[in-house]
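Each chain, letter by letter, is given below.
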Amino acid sequence: ATAAAALPLGAGIQQVWGSFHERTIARSLPPFLRMWATRLRAGAPPLAALTGVCGGVEGVLGLELCRVIAAARCRATSMEGAFRWRAAALGSAALGDVAATLAAVERTGAPLAALLDALADEQEARARFREELANAAKPSIVGLAAIDLCVLILAAATGPILAALVPAGGGLSGLGLTTNV
């Protein structure tokens with residue numbers, strides 16, 4: 001019974017932890033992508049540019065980038081494969097987007113720096129949208145106060161009317177609303 005009860009709790013903690021990681025990665029990703037693109041434009045090869053930028057990235061994204069670099073350096077997989085591996089392990093759509101960008105470069109031959117800049121723009125737009133959505137979902141204090149005031153006015157206005165309709169001591173039977181059971 002204890003193990004069965006721990007499963008939903010463990011899954012809930014994992015979901016919250018994964019959600020926290022995803023938000024942290026998504027927030028840190030655009031500046032990282034821009035730094036990586038800058039190093040690529042300066043002539044560094046993709047893995048060397050990624051390694052050079054990784055030292056300046058802290059937190060969850062920095063840790064995940066170190067894992068990506070380690071996998072790509074030991075030739076266990078390509079950079080795209082390493083980003084896909086970390087994206088799947090964390091359930092991170094943001095890292096999955098980086099992997100998809102690397103796949104698009106391989107498929108089309110497009111310049112990686114330009115696609116990284118475009119991905120950074122897209123990630124920033126998504127972050128703004130999420131923030132606006134979160135702010136729109138929060139009820140305003142003014143709006144709640146207006147609703148409370150309307151309820152009070154309605155109660156004050158209808159209270160005497162209801163008191164006049166319901167005879168004292170008679171309850172609802174004086175209104176002919178009784179049931180013959």
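What this report covers is the structure whose coordinates are included nearby. Note that the structure is a prediction, hence the values are computed from the model and not measured.

### Some details on the layout of surface pockets
Vacant regions in the atomic arrangement are exposed by a probe of water-molecule size rolled over the atoms. Considering only enclosed or pocket space, the largest pocket measures out at about 170 Å³ in volume. If you trace the largest pocket, you find it lined by Arg23, Ala26, Arg27, Pro30, Glu124, Ala127 and Arg130. Secondary-structure elements contributing two or more residues to the lining of the largest pocket are helix 1 (2–41) and helix 6 (112–137). Here the element with the most residues in the lining of the largest pocket is helix 1; it accounts for 4 residues.

### Details of the packing of aromatic side chains
By the definition in use, this model includes 2 aromatic pairs. Ring centres of Trp36 and Phe83 lie 6.1 Å apart, and the angle between their planes is 25 degrees; on these two criteria the pair is classed as stacked. Linking Trp36 in helix 1 with Phe83 in helix 4 (residues 79–90), this pair joins segments that are 47 residues apart in sequence. Residues Trp36 and Phe83 agree in their burial class; the two are buried. A connected cluster of aromatic rings, assembled from ring pairs, spans Phe32, Trp36 and Phe83. Positioned above the aromatic ring of Trp85, the side-chain terminus of Arg86 is 4.6 Å from the ring centre.

### Details of the nonpolar core
Within the largest apolar cluster, 34 residues are counted, with the highest numbers of intra-cluster contacts made by Phe32, Leu33, Trp36, Leu50 and Phe83. For this core, the secondary-structure elements that each account for two or more residues are helix 1, helix 2 (46–54), helix 3 (59–73), helix 4, helix 5 (93–108) and helix 6. Once you skip the residues sitting within four places of it in the chain, Trp36 turns out to touch Pro46, Ala49, Leu50, Val53, Met79, Phe83, Val98, Leu102, Leu112 and Leu116.

### Points about the packing of helix 3 against helix 4
Where helix 3 contacts helix 4, the two axes come as close as 8 Å, and the packing angle between them is 135 degrees. As judged from the angle between their axes, helix 3 and helix 4 are oblique. Two packed elements cross with a definite hand, and for helix 3 against helix 4 that hand is right-handed. Touching Glu64, Leu65, Arg67, Val68, Ala71 and Ala72 of helix 3 are Met79, Ala82, Phe83, Trp85, Arg86 and Leu90, all from helix 4. Here the contact of helix 3 with helix 4 is built from residues that sort into 9 nonpolar, no polar and 3 charged.

Calculation criteria
- Residues numbered from 1 in each chain as written.
- Predicted model: local features only at pLDDT ≥ 70, side-chain atom pairs only at ≥ 80, totals over all residues.
- Heavy atoms only, no water.
- 1 Å grid on protein atoms, 1.4 Å probe; cavity = no way out; pocket = protein on both sides within 12 Å on 5 of 7 lines; lining within 4 Å.
- Points joined across faces, edges and corners; volume = space filled by probe spheres on them.
- Helix = DSSP H or I, 4+ residues; strand = E, 2+ residues; numbered from the N terminus.
- Phe/Tyr/Trp six-rings, centres within 6.5 Å; stacked < 30°, edge-to-face > 60°.
- Buried < 20%, exposed > 50% of the residue type's maximum accessible area, 1.4 Å probe, protein only.
- Lys NZ or Arg CZ within 6 Å of the ring centre and 35° of its normal.
- Core = buried A, V, L, I, M, F, W, Y, C linked by side-chain atoms within 4.5 Å.
- Contact = heavy atoms within 4.5 Å.
- Axes fitted to C-alpha atoms, helices over the stretch in contact; angles between N-to-C directions.
- Parallel < 35°, antiparallel > 145°, perpendicular 65-115°, else oblique.
- Left-handed = near helix turned anticlockwise from the far one by under 90°.
- Nonpolar A, V, L, I, M, F, W, Y, C, P; charged D, E, K, R; others polar.

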